[in-house]
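This is what each chain is made of:
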Amino acid sequence: MITPSEELHNKARAARAASRELAKARTKVKDQALLNIAAALEECTDEILQANGRDYQQSKANGLSDALLDRLLLNPSILKAQAADVRTIVDLTDPVGECFDARVLPNGLQIGKRRVPLGVIGAVYESRPNVTVDISALCLKSGNAVVLRGGKEAFNSNKVLASLVRDSIIAAGLPADTVQFVESTDRGLVSEMLKMRDHIDLFVPRGGSGLIKYVAENATMP
């Protein structure tokens, strides 16, 4: 049986491999994947809300605060708004390949800078399941693969959402490994992720000040 650590490293390696293909993807293909995600959020509302309901009831029974329960809860209006947000990302200019700061030297040589994807983004977040889609969509548009590690409170919601995202990516012709969802809720994996600079190029914490401070003090990557 695979250990949580092995799962994490396997998915990070898969994301690295997928990032190389994603970096070459055309804007039209990435945008189609995003449109697929938006459609899936609307078409699979019942499935998402059933998973979210299980998370909500379990977290409430475990004594999660009202504020965190409010962040955890999804409803049809929230999912509809999120689908609209994903479509807004489609309308953004693709940053990959953009040239800027171009100039001509006295000898006639033209030089400038060109935007390229970072590679693999690591993300850890707490009780907001909408972050699963937010981060996946932004990474996809910018040509970056992502390894997601959500909080245990939203596990069922995050798992369903990540699965919908991966199916949407496959349907557009991109590698599913572009988005990796770490299923283990072992808190020790966050510390391990922060040491994986060979696989993760940038780490993003989304949560309270304690989480952000911990990541800032322990990350071996930017």
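So, how was this worked out
- Residues numbered from 1 in each chain as written.
- Predicted model: local features only at pLDDT ≥ 70, side-chain atom pairs only at ≥ 80, totals over all residues.
- Heavy atoms only, no water.
- Axes fitted to C-alpha atoms, helices over the stretch in contact; angles between N-to-C directions.
- Helix = DSSP H or I, 4+ residues; strand = E, 2+ residues; numbered from the N terminus.
- Parallel < 35°, antiparallel > 145°, perpendicular 65-115°, else oblique.
- Left-handed = near helix turned anticlockwise from the far one by under 90°.
- Contact = heavy atoms within 4.5 Å.
- 1 Å grid on protein atoms, 1.4 Å probe; cavity = no way out; pocket = protein on both sides within 12 Å on 5 of 7 lines; lining within 4 Å.
- Points joined across faces, edges and corners; volume = space filled by probe spheres on them.
- Nonpolar A, V, L, I, M, F, W, Y, C, P; charged D, E, K, R; others polar.
- Expected span 1.5 Å × (residues − 1).
- Buried < 20%, exposed > 50% of the residue type's maximum accessible area, 1.4 Å probe, protein only.
- Pairing = 2+ DSSP bridges.

**Describing the packing of helix 2 (residues 27–43) against helix 6 (residues 130–141)**
Packing of helix 2 against helix 6 brings their axes to within 9 Å, and their N-to-C directions diverge by 165 degrees. When the axis of helix 2 is compared with that of helix 6, the two are roughly antiparallel. Note on packing geometry: the crossing formed by helix 2 with helix 6 is left-handed. Across from T27, K30, D31, A33, L34, I37 and L41 in helix 2, the residues of helix 6 making contact are V133, A137, L140 and K141.

**Things to note about empty space enclosed by the protein**
Which parts of space are left empty comes out when a probe the size of a water molecule is rolled across the atoms. As enumerated under the stated definition, the model contains 1 cavity of 30 Å³ or more in all. Volume-wise, the largest cavity comes out at about 40 Å³. Lining the largest cavity are G150, G151, F155, N158, F181, V182, E183, S184 and T185. Looking at the lining of the largest cavity residue by residue, the classes come out as 3 nonpolar, 5 polar and 1 charged.

**Some thoughts on the packing of helix 5 (residues 76–91) against helix 6**
Two elements in contact, helix 5 and helix 6, have axes separated by 10 Å at closest approach and are oriented at 10 degrees. Of the possible angle classes, the one that applies to helix 5 and helix 6 is roughly parallel. Every residue of helix 6 that contacts helix 5 at Q82, V86, I89 and V90 is listed here: N130, V133, D134, A137, L138 and K141.

**Some words on helix 6**
Counted at 1.5 Å a residue, the expected span for helix 6 with its 12 residues is 16 Å, and the 17 Å between its end C-alpha atoms agrees. After helix 6 finishes, the residue G143 shows a positive phi value of roughly 75 degrees.

**Observations regarding the pairing of strand 3 (residues 120–125)**
With 6 of 6 residues buried, strand 3 is to be regarded as a mostly interior element. In strand 3, alternate side chains face the same way, and those of V120, G122 and V124 on one face and I121, A123 and Y125 on the other are all buried. Sheet analysis places strand 3 next to strand 4 (residues 145–149), joined by 5 bridges and oriented parallel. Bridge pairing links V124 to R149 in strand 4. Across 5 bridges, the pairing between strand 3 and strand 6 (residues 202–206) is parallel. In the strand pairing of strand 6, I121 is matched with L202.

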